[in-house]
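# Inside the fold
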Amino acid sequence: MPINILAIESSCDDTSASIISDGRVLSNIVSVQTAHADYGGVIPELASREHQLHIVPVVDQAIEKAGIKKSELSAIAFTRGPGLLGSLIVGVSFAKSMAMSLDIPLIDVHHMHAHVMAHFAVEDGPIFPFLCLTVSGGHTQIIKVTDYNTMEILGQTMDDAAGEAFDKTGKMLGLPYPAGPIIDKYAQQGEAKFEFPISKIDELNFSFSGLKTAILYFLRDNVKKDSDFINKELNNICASVQKTIVDTLMIKLIKASEMTGITSIAIAGGVSANSEMRQRLIDESQSRGWSHYIPDFEYCRDNAAMIGISAYYKYLNKEFCGQDVKAEARLVF
Ligand code: KG4
Ligand code: ZN
């Protein structure tokens, strides 16, 4: 019988369930929450309530689409952390109950490990060792990946994440949350004619809080001179901010490759859906002789398939957890 894993992801604002069979994705259902659009960020209380509403139908759909029966499941996997505690608790509690009722093992998964493991949702995953730049709404990390279960952080953000820089810029520009994809769209019609600072933080770490402040002052000064400035220059502002964020990320990724000698390079997380980020990785790979790995859009944003793929390799190692497992908002890597 194949190893069939039901995976659940509920760490932030999207409820997702997936069936992974012998390491291949049979279904990956994501219910996107729109309740946060007007607030400039995720409202934790609203997110937990939405997860409670969506988890049962999302799991049902994932099982139905995969064409398997609940009795054919080998294990239940879930995101243990990091993330919003109230959101995580919905997924963790649901997974525990279902594993108990079916009398099958539970597998806890680290959300940031899973973003990296999303690369193995398709055949021809990266060759080990590889570097993965994981850029999401809450994290920015350069990870050295030695095998399916062995990863090490080489650098990370000291303050805001890259996705947060997109989202907070969007809030200042009056755009709905999440602003990353909207900034990406406007940037394609603009020119990066405004200059913003690139942080000079040590080693392979990142900082995006200085950029946020620079954008705030830039907008304040220009709006004082022309109250219609944002409207007139929206595309160019988006192109300039996006270029600064992508430049900041690429400088460190290149440095990490030079320091480690690793030329197998991947990107992951919500911001890896960014068109300029994807193109820059392709361009740098061509000029530097890197092998590059870019996830399908479906596996960039939060999704349960990546949780199931991580869990599959833990299952092969018999790494299960007990019913006493707890959700951890700040789970260590
Ligand atoms: O990985 P993810 O779905 O959730 C977290 O774990 O945080 O990442 C969400 C982040 C948001 O900040 C969103 O604005 C950003 O990814 N994002 C993008 C794009 N698509 C999503 N940022 C820039 N360009 C995009 N095309
Ligand atoms: Zn994520």
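As the structure is a computational prediction, the values presented were derived from the model and not from experiment.

## Describing the overall build of the chain
Helix and strand counts for the chain stand at nine helices and ten strands. What you see for the chain is a C-alpha radius of gyration of 20 Å, in line with the 20 Å of a compact globule of 333 residues. In terms of overall dimensions, the chain has a C-alpha envelope of 65 × 45 × 30 Å along the principal axes. For the chain, with 333 residues in total, the buried portion stands at 54%.

## Some points on helix H4 (residues 162–173)
For H4, built from twelve residues, the straight-helix expectation of 16 Å at 1.5 Å per residue is met to within 8% by its first-to-last C-alpha distance of 17 Å. Every buried residue of H4 is accounted for by Ala 162, Gly 163, Ala 165, Phe 166, Asp 167, Thr 169, Gly 170 and Leu 173.

## Comments concerning the sheet that holds strand E3 (residues 24–32)
Reading across from one edge, E3-E2-E1-E4-E5 is the order of the five strands in this open sheet, with mixed pairing throughout. Each edge of the sheet is formed by a strand with only one pairing partner; in this case those strands are E3 and strand E5 (106–110). Sheet twist, expressed as the mean angle between neighbouring strand axes with direction ignored, is 20°. Here eight bridges tie strand E2 (residues 14–21) to E3, and the two strands are oriented antiparallel to one another. Within E3, the position partnered with Ala 17 by the bridge is Ile 29.

## Some details on unusual backbone geometry
With an omega of -10°, the peptide bond between Gly 81 and Pro 82 qualifies as cis. Note that Pro 82 resides in the loop between strand E4 (75–81) and helix H2 (85–102). Backbone torsion omega between Tyr 177 and Pro 178 reads -5°, so that peptide bond is classified as cis. In this fold, Pro 178 is placed in the loop between H4 and helix H5 (180–187). Positive phi, close to 55°, is recorded for Asp 103, a residue that is not glycine. Among the structural elements, Asp 103 can be located in the loop between H2 and E5.

## Points about the coordination of the zinc ion (ligand 2)
Those protein atoms acting as donors to the zinc ion (ligand 2) are His 111 (NE2), His 115 (NE2) and Asp 302 (OD), and they sit at 2.0 to 2.1 Å. When the donors of the zinc ion (ligand 2) are listed by position in the chain, the intervening gaps give H-x3-H-x186-D. Of the two residues, His 115 is situated in helix H3 (residues 111–117) and Asp 302 in the loop between strand E10 (291–293) and helix H9 (304–316); the sequence distance between them amounts to 187 residues. Taking the relative accessible area as the measure of exposure, Asp 302 reaches 15% and is therefore buried.

## Quick notes on the environment of Asn 205
Along the polypeptide, Asn 205 turns up in the loop between H5 and helix H6 (209–225). Separated by 38 residues in the primary sequence, Asn 205 and Asp 167 have C-alpha atoms spaced 20 Å apart. Other than its neighbours up to four places away in sequence, Asn 205 contacts Gly 155, Gln 156, Met 158 and Lys 252.

## Some thoughts on the domain arrangement of the chain
Split by domain assignment, the chain resolves into domain 1 (4–117 + 300–316) and domain 2 (126–295). Each partner contributes residues to the interface: domain 1 has 17 residues there, and domain 2 has 21 residues. Buried area between domain 1 and domain 2, both sides added, is near 1,500 Å², and the carbon and sulfur share of it is 71%. Sorting the residues of domain 1 by area buried against domain 2 places Met 112, Val 116 and Cys 300 first, and these three jointly supply 40% of that buried surface. Where domain 1 touches domain 2, the interface holds zero salt bridges. Remark: the boundary between domain 1 and domain 2 carries two residue pairs in polar contact (both at pLDDT 80 or more). With five residues, H3 is the largest single contributor of residues to the side of domain 1 that touches domain 2.

## A closer look at H6
The end-to-end C-alpha distance of H6 is 25 Å, a good match for the 24 Å that 17 residues give at a rise of 1.5 Å each. Of the positions making up H6, those classed as buried are Leu 211, Ile 215, Phe 218, Leu 219 and Asn 222. Projected onto a plane normal to the axis of H6, the buried residues spread over an arc of 95° and lie on a single side. Looking at the buried residues of H6, the elements they touch are H4 and helix H7 (229–260).

Rules behind the numbers
Residues numbered from 1 in each chain as written. Chains lettered and ligands numbered in written order. Predicted model: local features only at pLDDT ≥ 70, side-chain atom pairs only at ≥ 80, totals over all residues. Heavy atoms only, no water. Helix = DSSP H or I, 4+ residues; strand = E, 2+ residues; numbered from the N terminus. Rg over C-alpha atoms; globule rule 2.2 N^0.38 Å. Buried < 20%, exposed > 50% of the residue type's maximum accessible area, 1.4 Å probe, protein only. Expected span 1.5 Å × (residues − 1). Pairing = 2+ DSSP bridges. Axes fitted to C-alpha atoms, helices over the stretch in contact; angles between N-to-C directions. Donors = N, O, S within 2.8 Å, 3.2 Å for Na, K, Ca; no water. Contact = heavy atoms within 4.5 Å. Domains from an automatic or database assignment. Buried area = accessible area lost by both parts, 1.4 Å probe. Salt bridge = Lys/Arg side-chain N within 4 Å of Asp/Glu carboxyl O. Polar contact = N/O pair within 3.5 Å; in protein donor to acceptor, adjacent residues only side chain to side chain. Arc of directions from axis to C-beta.

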